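Structure assessment
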Amino acid sequence: MRSGINKKKTGILGGTFDPPHNAHMGMALAAVEQCDFDRVILIPNGDPPHKNVRVASADRLMMTKLAARELKERLGSNCIEVSDIEISRPGYSFLVNTIEQLKAELPEDELYFMAGGDAIMSMASWVGAARIFELANILAFKRAGSLGNDIASAVRYLERRGAKVELAEAELPQISSTDIRRLITDGADISSLVPKAVAEYIKENNLYTA
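Being a predicted model, the structure only gives us computed values, none of them experimental.

The rules we used
Residues numbered from 1 in each chain as written. Predicted model: local features only at pLDDT ≥ 70, side-chain atom pairs only at ≥ 80, totals over all residues. Heavy atoms only, no water. Buried < 20%, exposed > 50% of the residue type's maximum accessible area, 1.4 Å probe, protein only. Helix = DSSP H or I, 4+ residues; strand = E, 2+ residues; numbered from the N terminus. Contact = heavy atoms within 4.5 Å. 1 Å grid on protein atoms, 1.4 Å probe; cavity = no way out; pocket = protein on both sides within 12 Å on 5 of 7 lines; lining within 4 Å. Points joined across faces, edges and corners; volume = space filled by probe spheres on them. Nonpolar A, V, L, I, M, F, W, Y, C, P; charged D, E, K, R; others polar. Core = buried A, V, L, I, M, F, W, Y, C linked by side-chain atoms within 4.5 Å. Phe/Tyr/Trp six-rings, centres within 6.5 Å; stacked < 30°, edge-to-face > 60°. Lys NZ or Arg CZ within 6 Å of the ring centre and 35° of its normal.

**With respect to helix H8 (residues 196-204)**
Buried within H8 we find Ala197, Val198, Ala199, Tyr201 and Ile202. Residues of H8 that are buried sit in contact with helix H2 (57-75) and helix H7 (177-185). Of the residues one or two after H8, Asn206 is the one with positive phi, at around 55°.

Quick look at the structure:
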């Protein structure tokens, strides 16, 4: 439910997008179609302190743009955007910095950080967690096969620490970028796991093959 008549609901979907896959796309679609978001901003991580990325930032940004284009065509609107806010930031990139920058740029928007179950479980320990909870709501997603009680417990834990959390009705497929990269290395078909344009880009640019 909107807290102000003129406020836009803006979803923030970040990740290494190494590569972007259909679970990411499912989150964006659900936010627009089921949760009445006005827009979703896809934000590839720059230099995440907790993960190693396999391909260059330029490739991850381009794949994210290709995935966003397919989403916009499917939705028939321009409500899916891509930002290089983290890739263009020097040094390690933390979510709290991104949230603060977006809040400064979009002061009238109601921001929602969109996260799957794994992130929900660990979010309270993230750098600047209290500030994140102050500036943005959380839209949480379950993965297929995940334990609902675990997610509910994690949500309650975040709420006790000041987070405002909504649990999306959509259930995400069990897809991970790690598994996709392994399949590519093994020469397996990934067409059912990523947007078509992303699969074509990976093949054309010989990504993840070594």
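**A few points about the layout of surface pockets**
Considering only enclosed or pocket space, the second largest pocket measures out at about 230 Å³ in volume. Forming the boundary of the second largest pocket are Ile184, Gly187, Ala188, Asp189, Ile190, Ser191, Ala199, Ile202, Lys203, Asn206, Leu207 and Thr209. The class makeup of the residues in the lining of the second largest pocket is six nonpolar, four polar and two charged.

**Observations regarding unusual backbone geometry**
In this structure, Pro19 follows Asp18 across a cis peptide bond, with omega equal to 5°. Relative to the helices and strands, Pro19 resides in the loop between strand S1 (9-15) and helix H1 (22-33). Of note in the backbone geometry, Phe17 takes a positive phi value of approximately 50° without being a glycine. Looking at where Phe17 falls in the secondary structure, it is placed in the loop between S1 and H1. Phe17 sits in the buried class, given a relative accessible area of 1%. Even without being glycine, Tyr208 reaches a positive phi, approximately 65°. Take Tyr208: it is sitting in the segment after H8. Assessed through its relative accessible area of 3%, Tyr208 is described here as buried.

**Observations regarding the nonpolar core**
One broad rule of soluble globular proteins: the nonpolar side chains tend to lie buried together. Membership of the largest hydrophobic core comes to 42 residues, with the highest contact counts inside it found for Val40, Ile80, Met114, Leu139 and Phe141. Going through the elements one at a time, H1, strand S2 (39-44), H2, strand S4 (110-115), strand S5 (137-143), strand S6 (165-172), H7 and H8 are the ones with two or more residues in this core. The residues touching Met114, leaving out its near neighbours within four places in the chain, are Gly11, Ile12, Leu13, Met27, Ala28, Ala31, Phe37, Val40, Leu139 and Phe141. In this structure, Ile41, Ile85, Phe133 and Ala136 belong to the second largest nonpolar core, which totals 27 residues.

**So, the packing of aromatic side chains**
Evaluation of the coordinates by the stated rule reveals two aromatic pairs. Ring plane angle 45° and centroid distance 4.9 Å describe the contact between Phe37 and Tyr112, whose orientation is recorded as tilted. With Phe37 in the loop between H1 and S2 and Tyr112 in strand S4, this pair connects stretches of sequence that are 75 residues apart. Accessibility assignment for this pair places Phe37 and Tyr112 in one class, buried. Ring geometry for Phe113 versus Trp126: centroids 5.9 Å apart, planes at 75°, classification edge-to-face. Note that Phe113 is positioned in strand S4 and Trp126 in the loop between helix H4 (117-122) and helix H5 (129-135), a separation of 13 residues in sequence. Phe113 sits in the buried class, given a relative accessible area of 7%. Of the residues examined, Trp126 reaches a relative accessible area of 26% and is grouped as partly exposed. The ring of Tyr157 carries the charged tip of Arg161 above its face, separated from the ring centre by 3.6 Å.

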